[in-house]
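Reading the structure
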Amino acid sequence: MRTMRGLGRRERLLRFSGWVLAWAALTFAGTRGSAGAAAATAPAAPVSANSPSPVSLPKPTRYVTDNAGVFPADRASALNEKLAAFERETSDQLLVYTAKKIPEGTTIEELGARSIRSWGPGQKGKSNGLIFFIFPDDRKMRVEVGYGLEGAIPDARSHRITDEVVKPFFRQGDFAGGIEAGVDALLSAARGEPFAGTGKTVAESSNGARRSVPVTKIPFAVVPIGCAGLLIFLVVAAIAARKQSARAARYRFMTGKNPPPSFGSLFLPSSSSSSDSSSSSSSSSSSSDFSGGGGDGGGGGSSDSW
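Residues numbered from 1 in each chain as written. Predicted model: local features only at pLDDT ≥ 70, side-chain atom pairs only at ≥ 80, totals over all residues. Heavy atoms only, no water.

With that settled, consider the pattern of salt bridges. Tallying each qualifying case throughout the model produces 10 salt bridges. Across the salt bridge formed by Arg-191 and Glu-89, the nearest N and O atoms sit 2.7 Å from each other. Here the residue Arg-191 occupies a position in the loop between α5 (175-190) and α6 (202-211), and Glu-89 occupies one in helix α2 (residues 73-90), the gap between them amounting to 102 residues. We classify Arg-191 as partly exposed; its relative accessible area is 45%. The exposure class assigned to Glu-89 is partly exposed, which follows from its relative accessible area of 45%. The closest approach of N and O atoms between Asp-138 and Lys-101, which form a salt bridge, is 3.1 Å. (Salt bridge = Lys/Arg side-chain N within 4 Å of Asp/Glu carboxyl O. Helix = DSSP H or I, 4+ residues; strand = E, 2+ residues; numbered from the N terminus. Buried < 20%, exposed > 50% of the residue type's maximum accessible area, 1.4 Å probe, protein only.)

Within strand β2 (residues 93-98), 6 of the 6 residues are buried, which leaves the element mostly enclosed by the surrounding structure. Of the two faces of β2, the one holding Gln-93, Leu-95 and Tyr-97 and the one holding Leu-94, Val-96 and Thr-98 are both buried throughout. Examined bridge by bridge, strand β1 (residues 64-66) and β2 share 3 bridges and lie parallel to one another. Along β2, the bridge assignment pairs Asp-66 with Thr-98. As paired elements, β2 and strand β3 (residues 129-135) share 6 bridges and run parallel to each other. Bridging across to β3, Val-96 finds its partner in Phe-132. For the handedness criterion, the β-α-β arrangement of β2, helix α3 (residues 108-119) and β3 is classed as right-handed. (Pairing = 2+ DSSP bridges. Right-handed = clockwise from strand over helix to strand, strands pointing away.)

In this model α5 runs 22 Å from its N-terminal to its C-terminal C-alpha over 16 residues, within 8% of the 22 Å that 1.5 Å per residue would give. Of all 16 residues making up α5, 12 are buried, and the element is well covered by its neighbours. Listed in full, the buried residues belonging to α5 are Phe-175, Ala-176, Gly-177, Gly-178, Ile-179, Ala-181, Gly-182, Val-183, Leu-186, Leu-187, Ala-189 and Ala-190. Residues of α5 that are buried sit in contact with α2, β2, β3, β4 (140-146) and α4 (155-171). The residue sitting at the N-terminus of α5 and contributing the capping side-chain oxygen is Asp-174; that oxygen lies 2.9 Å from the backbone nitrogen of Gly-177. (Expected span 1.5 Å × (residues − 1). Contact = heavy atoms within 4.5 Å. Polar contact = N/O pair within 3.5 Å; in protein donor to acceptor, adjacent residues only side chain to side chain.)

Considering the arrangement of structural elements, one finds Ser-158 in helix α4. Leaving out residues up to four positions away in the same chain, Ser-158 has contacts with Val-143, Ile-153, Gly-301 and Ser-302.

Before going further, it helps to examine the sheet that holds β2. Strand order in the open sheet formed by 5 strands is β1-β2-β3-β4-β5, with mixed pairing between adjacent strands. Edge positions in the sheet fall to β1 and β5 (298-305), since each of these pairs with one other strand and no more. In this sheet, neighbouring strand axes are inclined to one another by 10° on average, regardless of whether the strands run parallel or antiparallel. Of the strands in this sheet, β1 and β2 touch α2, which is tilted by about 155° from β2. (Axes fitted to C-alpha atoms, helices over the stretch in contact; angles between N-to-C directions.)

Geometry of a packed helix pair, given as the angle between the helix axes and the separation of the axes. Where α2 meets α5, the axes come as close as 12 Å, and the angle between the chain directions of the two elements is 5°. The angle between α2 and α5 places the two elements in the roughly parallel class. Residues Arg-75, Leu-79, Lys-82, Leu-83 and Phe-86 of α2 form the contact with α5, whose participating residues are Ala-176, Gly-177, Ile-179, Glu-180, Val-183, Asp-184, Leu-187 and Ala-190. For the contact of α2 with α5, the class distribution of residues is 8 nonpolar, 1 polar and 4 charged. (Parallel < 35°, antiparallel > 145°, perpendicular 65-115°, else oblique. Nonpolar A, V, L, I, M, F, W, Y, C, P; charged D, E, K, R; others polar.)

Turning our attention to the packing of aromatic side chains. Counted by the stated rule, this structure contains 8 aromatic pairs. Ring geometry for Phe-170 versus Trp-306: centroids 4.8 Å apart, planes at 65°, classification edge-to-face. Of this pair, Phe-170 sits in helix α4 while Trp-306 sits in the segment after β5, placing them 136 residues apart in sequence. Judged by its relative accessible area of 12%, Trp-306 falls in the buried class. Where Phe-175 meets Trp-306, the ring centres are 6.0 Å apart and the plane angle is 65°; that geometry is what we call edge-to-face. Note that Phe-175 is positioned in helix α5 and Trp-306 in the segment after β5, a separation of 131 residues in sequence. Just as Phe-175 is buried, Trp-306 falls in that class too. These aromatic residues form a ring-pair network of at least three members: Tyr-97, Trp-119, Phe-133 and Phe-135. (Phe/Tyr/Trp six-rings, centres within 6.5 Å; stacked < 30°, edge-to-face > 60°.)

On the surface, a nonpolar cluster with roughly 310 Å² of combined accessible area is contributed by Leu-230, Phe-233 and Leu-234. Position of Leu-230 among the secondary structure elements: in helix α7 (residues 222-255). (Patch = residues over 30% accessible without salt bridge, like charges linked within 9 Å, V, L, I, M, F, W, Y side chains within 5 Å. Areas by Shrake-Rupley, 256 points an atom, 1.4 Å probe, with all protein chains shown as cover.)

Moving on, we get to the nonpolar core. Within soluble globular proteins, side chains that are nonpolar tend to cluster in buried spots. Counting 47 residues, the largest nonpolar core has Leu-83, Phe-132 and Ile-179 as the members making the most contacts within it. Among the elements of the structure, α2, β2, α3, β3, β4, α4 and α5 are those that each provide at least two residues to this core. Among the elements that line this core, the one with the most residues is α5, at 8 residues. Once you skip the residues sitting within four places of it in the chain, Leu-83 turns out to touch Tyr-63, Val-64, Leu-94, Val-96, Val-183 and Leu-187. (Core = buried A, V, L, I, M, F, W, Y, C linked by side-chain atoms within 4.5 Å.)

So this is what it looks like as structure tokens:
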């Protein structure tokens, strides 16, 4: 009887030990699984601060960006207007960008490909844009051509323009003349594509759209406020007219003469202000700012040095 009882205790002890070991094994396995899942879902290690980031140039606001200072102001303005007029006629957007040196950490090819994507020259769906880069201190230049102008300006033709047209000027130190000659050759080549303009640049169309507000979008509160303002203006004008009439009568009583035409006039037109407004409107209408039309990128181009 004692033997049976001893075996029973021993069996119960073995069973209890087995349960404890099983529980410990399951707990350990669960802990390892959670750690593995956490490691799998953990974010990637942050990029080292020393790793280079892509070098990009700020989007220009003019067709000609002369950071290298190779153009006199009047010639840069004239070239800028020529490129704006070309966009109005053909919808093609050609840009000129100069800087003394290529930024560190990139190549002229990488810079060109990145810039034509981020600046978006050319019209959306056409990609008829082009950027002419010049870096005088590095003695390097590049023509980056959008997809839509590849047929008219393939790589071989853009290289021939930089090699045969632009280089002779650059070797003589005439950067402005070389760029102007190169731009003329590129504009002539770009006419080989059958694109037509709208008579306005993208920037001019955008400015016109911002100035014209549809009536349906005018806030409802503007109508009563405008009516109240008009009513106040009419009341003030009526009071001023009565005062003017009284002053004129007093003038006639004191002098026996009729007052001069300009006596007490309420609203004297200012010739200076009108001339200023006309000059400002003409200057705003003649400004040739650049705004990318939404081109998707470049299909090719050529680099050169001298």
